[in-house]
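Below, each chain spelled out in residue letters.
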Amino acid sequence: MNPVPNPEMQPLPLDTLLENVDGMRRLARRLVRDPALADDVAQDAVLVALSKGPRTRRNVRGWLNGIVRNVARDSRRSAVVSFGTIHGGDQRNIVAPGG
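Just so it is clear, the structure is predicted and the values come from calculations on it, not from any experiment.

Engineer: Would you take a moment to explain the pattern of salt bridges for this structure?
Structural biologist: Oppositely charged side chains can pair when the atoms bearing their charge come close. For the coordinates displayed, the defined rule picks out one salt bridge. Of the charged contacts, one joins Arg25 and Asp22 as a salt bridge, the two residues approaching to 3.9 Å between their closest N and O atoms. Placement of both Arg25 and Asp22 in helix α1 (residues 14–32) is noted, with a separation of three residues, approximately one turn of the helix. Owing to a relative accessible area of 36%, Arg25 belongs among the partly exposed residues under this scheme.

See the structure below:
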């Protein structure tokens, strides 16, 4: 079956996004293991999803989960850089929270 194209990268309908928010939060909690950070990750992922649409409408859940993973990875990178900058530490030896 061919995916339904979304050539103009239209944002998801809000109801479709809302149907998937709980799953996005669960994934964020598994990835970062910090409830407050997980909420931030999920919220940032929703903002990304609202700003652009998927290439296809076929696997919306997979697309949203990919956004959550990317936001979680970016938050870990930011935590490492921030910690190293604030503490003047050698960033090669720093492990980000949840990582």
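That shown, we press on.
Engineer: Looking at this model, I keep getting lost on α1. Mind explaining?
Structural biologist: Count 3.6 residues to each turn of an α-helix, and residues three or four apart come out pointing the same way. The end-to-end C-alpha distance of α1, which contains 19 residues, comes to 26 Å, matching closely the 27 Å that a straight helix rising 1.5 Å per residue would cover. Along α1, the sharpest change in direction is near 40° and occurs at Asn20. Among the residues of α1, Leu17, Asn20, Val21, Met24, Leu27, Ala28 and Val32 are the ones counted as buried. Remark: Arg33 follows α1 within two positions and exhibits a positive phi of approximately 55°.

Engineer: Which parts of the structure should I look at to understand the environment of Val32?
Structural biologist: Within the element layout of this structure, Val32 appears in helix α1. Using a relative accessible area of 1% as the deciding quantity, one classes Val32 as buried. With 43 residues separating them along the chain, Val32 and Ser75 place their C-alpha atoms 9.0 Å apart.

Engineer: Would you mind going over the nonpolar core with me for this structure?
Structural biologist: Considering soluble globular proteins, one finds that nonpolar side chains tend to be buried as a cluster. Judged by nonpolar contacts, the single largest core of 19 residues is most densely connected at Leu17, Met24, Val41, Leu64 and Val68. Counting residues per element, the ones that place at least two in this core are α1, α2 (35–51) and α3 (60–87). With sequence-adjacent residues up to four places away left out, Met24 is seen in contact with Leu17, Ala42, Ala45, Val46, Leu64 and Val68.

Engineer: Help me understand a nonpolar patch on the surface, please; the structure alone is not making it clear to me.
Structural biologist: Taken together, the side chains of Leu14, Leu18, Leu47 and Leu50 make up a nonpolar region of the molecular surface, amounting to roughly 400 Å² of accessible area. When contributions to the nonpolar patch are tallied by element, the ones reaching two or more residues are α1 and α2. Position of Leu14 relative to the elements: it lies in helix α1.

Engineer: Got a minute to help me understand α2 in this structure?
Structural biologist: Taking 1.5 Å per residue, 17 residues should reach 24 Å; α2 reaches 24 Å between its end C-alpha atoms and fits that length. Within α2, the full set of buried residues consists of Ala38, Val41, Ala42, Ala45, Val46 and Ala49. Looking down the long axis of α2, one finds its buried residues gathered within 140° of arc, a one-sided arrangement. Facing away from the buried side of α2 by more than 90 degrees, the exposed set consists of Ala36, Leu47 and Ser51. Measuring from the backbone nitrogen of Ala36 back to the side-chain oxygen at the start of α2 gives 3.0 Å, which picks out Asp34 as the cap.

The rules behind the values
Residues numbered from 1 in each chain as written. Predicted model: local features only at pLDDT ≥ 70, side-chain atom pairs only at ≥ 80, totals over all residues. Heavy atoms only, no water. Salt bridge = Lys/Arg side-chain N within 4 Å of Asp/Glu carboxyl O. Helix = DSSP H or I, 4+ residues; strand = E, 2+ residues; numbered from the N terminus. Buried < 20%, exposed > 50% of the residue type's maximum accessible area, 1.4 Å probe, protein only. Expected span 1.5 Å × (residues − 1). Bend = angle between axes of the 7 residues up to and from the residue. Core = buried A, V, L, I, M, F, W, Y, C linked by side-chain atoms within 4.5 Å. Contact = heavy atoms within 4.5 Å. Patch = residues over 30% accessible without salt bridge, like charges linked within 9 Å, V, L, I, M, F, W, Y side chains within 5 Å. Areas by Shrake-Rupley, 256 points an atom, 1.4 Å probe, with all protein chains shown as cover. Arc of directions from axis to C-beta. Polar contact = N/O pair within 3.5 Å; in protein donor to acceptor, adjacent residues only side chain to side chain.

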